[in-house]
Amino acid sequence: MVPLSVLDLAPIVEGGDAAQSFRNSLDLAQHAERWGYRRYWLAEHHNMPGIASAATAVLIGHIGAGTSTIRIGAGGIMLPNHAPLQVAEQFGTLASLFPGRVDLGLGRAPGTDHAAAFALRRTLQANPDEFPRDVMEVIDYFREPQSGRQVRAVPGAGLRVPIWILGSSLFGAQVAAALGLPFSFASHFAPQLLHQAIDIYRERFTASEHASQPYVMLGANIVAADTDGEARFLASSGRQSFASLRAGRPIALPPPSKEWERDPSDTTDATNQARVSFVGSPATIKEPIEAFIRATAADELIAVAHIYDHRARLRSYELASTVAGSR
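What you see is a predicted model, and the numbers here were worked out from it, not measured in a lab.

Asker: Let's hear about the environment of Leu-170: which residues, and what values?
Answerer: One can find Leu-170 in helix H6 (residues 170–179). For Leu-170, the contacting residues outside a window of four places in its chain are Leu-193, Gln-196, Ala-197 and Ile-200.

Asker: Any details on the pattern of salt bridges? Residues and values, ideally.
Answerer: This structure, assessed with the given rule, holds twelve salt bridges. The closest approach of N and O atoms between Glu-290 and Lys-286, which form a salt bridge, is 3.0 Å. Of this pair, Glu-290 and Lys-286 both sit in helix H10 (residues 282–296), separated by four residues, roughly a single helical turn. On the accessibility criterion, Glu-290 (22% relative accessible area) is partly exposed. Of the residues examined, Lys-286 reaches a relative accessible area of 34% and is grouped as partly exposed. Within the structure, one salt-bridge network assembled from shared partners comprises Arg-39, Arg-71, Asp-103 and Glu-300.

Asker: Hey, could you go over the nonpolar core for me, with residue numbers and the actual values?
Answerer: One finds Phe-91 and Leu-104 to be the most contacted residues of the largest nonpolar core, which totals 87 residues. Take this core: its biggest share by element is seven residues, from helix H11 (residues 310–324). Ignoring anything within four residues of it in the chain, the contact list for Leu-104 reads Ala-74, Ile-77, Val-87, Phe-91, Val-138, Phe-142, Val-161, Pro-162, Ile-163 and Trp-164. Core analysis: the next-biggest nonpolar cluster, separate from the first, contains twelve residues, Leu-7, Leu-9, Ala-43 and Leu-166 among them.

Asker: How would you sum up helix H2 (residues 56–65)? Please name residues and give values.
Answerer: Of all ten residues in H2, seven are buried, a share of seventy percent or more. What H2 keeps buried is the set Thr-56, Ala-57, Leu-59, Ile-60, Gly-61, Ile-63 and Gly-64.

Asker: Break down the packing of aromatic side chains for me, with residues and values.
Answerer: All told, the structure shown has seven aromatic pairs when counted by the stated rule. Between Phe-183 and Phe-185 the ring centres are 6.1 Å apart and the planes differ by 70°, which places this aromatic pair in the edge-to-face class. Residues Phe-183 and Phe-185 agree in their burial class; the two are buried. Members of the aromatic cluster, joined through ring pairs, are Phe-183, Phe-185, Tyr-201 and Phe-205. If you follow Arg-108 out to its NZ or CZ, it ends over the ring of Phe-171, 4.0 Å from the centre.

Asker: Go over the pairing of strand E1 (residues 4–8), please, and point to the residues and values.
Answerer: Among the five residues in E1, five count as buried, and that is most of the element. Of the pairings in the sheet, the one linking E1 to strand E9 (residues 300–304) comprises three bridges and is parallel in character. For Ser-5, the partnering residue across the bridge sits in E9 and is Ile-302. Where E1 and strand E2 (residues 39–42) come together, three bridges link them in parallel fashion. Paired with Leu-7 across the two strands is Trp-41, which belongs to E2.

Asker: Can you break down H10 residue by residue, with the values?
Answerer: Given a rise of 1.5 Å per residue, 15 residues ought to cover 21 Å, and the 21 Å separating the end C-alpha atoms of H10 matches this to within 8%. Turning to H10, its buried residues are Ile-285, Ile-289, Phe-292, Ile-293 and Thr-296. Taken end-on, H10 shows its buried residues confined to a sector of 95°, consistent with a single buried face. In H10, the exposed positions that point more than 90 degrees away from the buried face belong to Ala-283, Arg-294 and Ala-295.

Asker: Explain the packing of helix H3 (residues 84–97) against helix H5 (residues 131–142) to me, and be specific about the residues and the numbers.
Answerer: Two numbers describe how H3 lies on H5: the axes approach to 9 Å, and their chain directions differ by 45°. Classified by the interaxial angle, the pair formed by H3 and H5 is oblique. Between H3 and H5 lies a crossing whose hand is right-handed. Facing Pro-84, Leu-85, Ala-88, Phe-91 and Gly-92 of H3, the residues of H5 in contact are Asp-134, Glu-137, Val-138, Tyr-141 and Phe-142. Considered class by class, the residues forming the contact of H3 with H5 number seven nonpolar, one polar and two charged.

Reading the values: rules and limits
- Residues numbered from 1 in each chain as written.
- Predicted model: local features only at pLDDT ≥ 70, side-chain atom pairs only at ≥ 80, totals over all residues.
- Heavy atoms only, no water.
- Helix = DSSP H or I, 4+ residues; strand = E, 2+ residues; numbered from the N terminus.
- Contact = heavy atoms within 4.5 Å.
- Salt bridge = Lys/Arg side-chain N within 4 Å of Asp/Glu carboxyl O.
- Buried < 20%, exposed > 50% of the residue type's maximum accessible area, 1.4 Å probe, protein only.
- Core = buried A, V, L, I, M, F, W, Y, C linked by side-chain atoms within 4.5 Å.
- Phe/Tyr/Trp six-rings, centres within 6.5 Å; stacked < 30°, edge-to-face > 60°.
- Lys NZ or Arg CZ within 6 Å of the ring centre and 35° of its normal.
- Pairing = 2+ DSSP bridges.
- Expected span 1.5 Å × (residues − 1).
- Arc of directions from axis to C-beta.
- Axes fitted to C-alpha atoms, helices over the stretch in contact; angles between N-to-C directions.
- Parallel < 35°, antiparallel > 145°, perpendicular 65-115°, else oblique.
- Left-handed = near helix turned anticlockwise from the far one by under 90°.
- Nonpolar A, V, L, I, M, F, W, Y, C, P; charged D, E, K, R; others polar.

Geometric descriptors of this kind do not, in isolation, establish any biological role.
See the structure below:
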């Protein structure tokens, strides 16, 4: 099997708040560290009542302070929302606090709706199409400081912070290949171009100072429980949330509901076709996960679990580590 990591959106559950979400995230990270997960990434989203990870770098610091060995990072920072210098300073700060543990994943989506994107970018005049140039600017800020340079990232300059490109389309794959960076594809919510994207990435990859060969990490929704029935019930929270988001009405993560419980093998269920998901007991999900890894030749998986009850979420990640991880 391949290494397994955690992608956390710091979910705010119905009836809960951000403070509870942050406590739960730290608890999950500490357990994931013990269970052998490779990295713990947090994702930048804005104007979402069910996601508390908007100030992503701040929250990564919270997780880093409560763990000791697991890699921590962003999956990812939505670069059009930020000045490259600011990103380099923030992650230079994190890398100085937690040496050798910090990853920086960069994406070009806004991570929000149009209104919030405008609010975030109104002083930046950012253009998502300038993403490759902005990535190169971030990389440049991490290089050894050169004499005569007027602007430096302090901290940041001279630090080796691994940079990843995130994507759900062919564009991200092309950028990652051209710059010789590892690539993480968002198959957990947008797998339509998955195989084409990873083929382009591997075929066009150019070795660089960052990586000598291509490296692909794929997102997957994994909801595991002791029985298939329990797992399907727990997964209904994520189905409700995802359906509301696609309808333009994002909500806090709701409790599970029998009304939203569906057979994951039902090919008529549209919510199952829009993302890569594995739902069930360890015995049920083991072979499909292995088949997915074989079909994609993934180097690593990063697991998302939209589960309302924190204890059930912990149990899901514990079980997932026994069937999908390389430990």
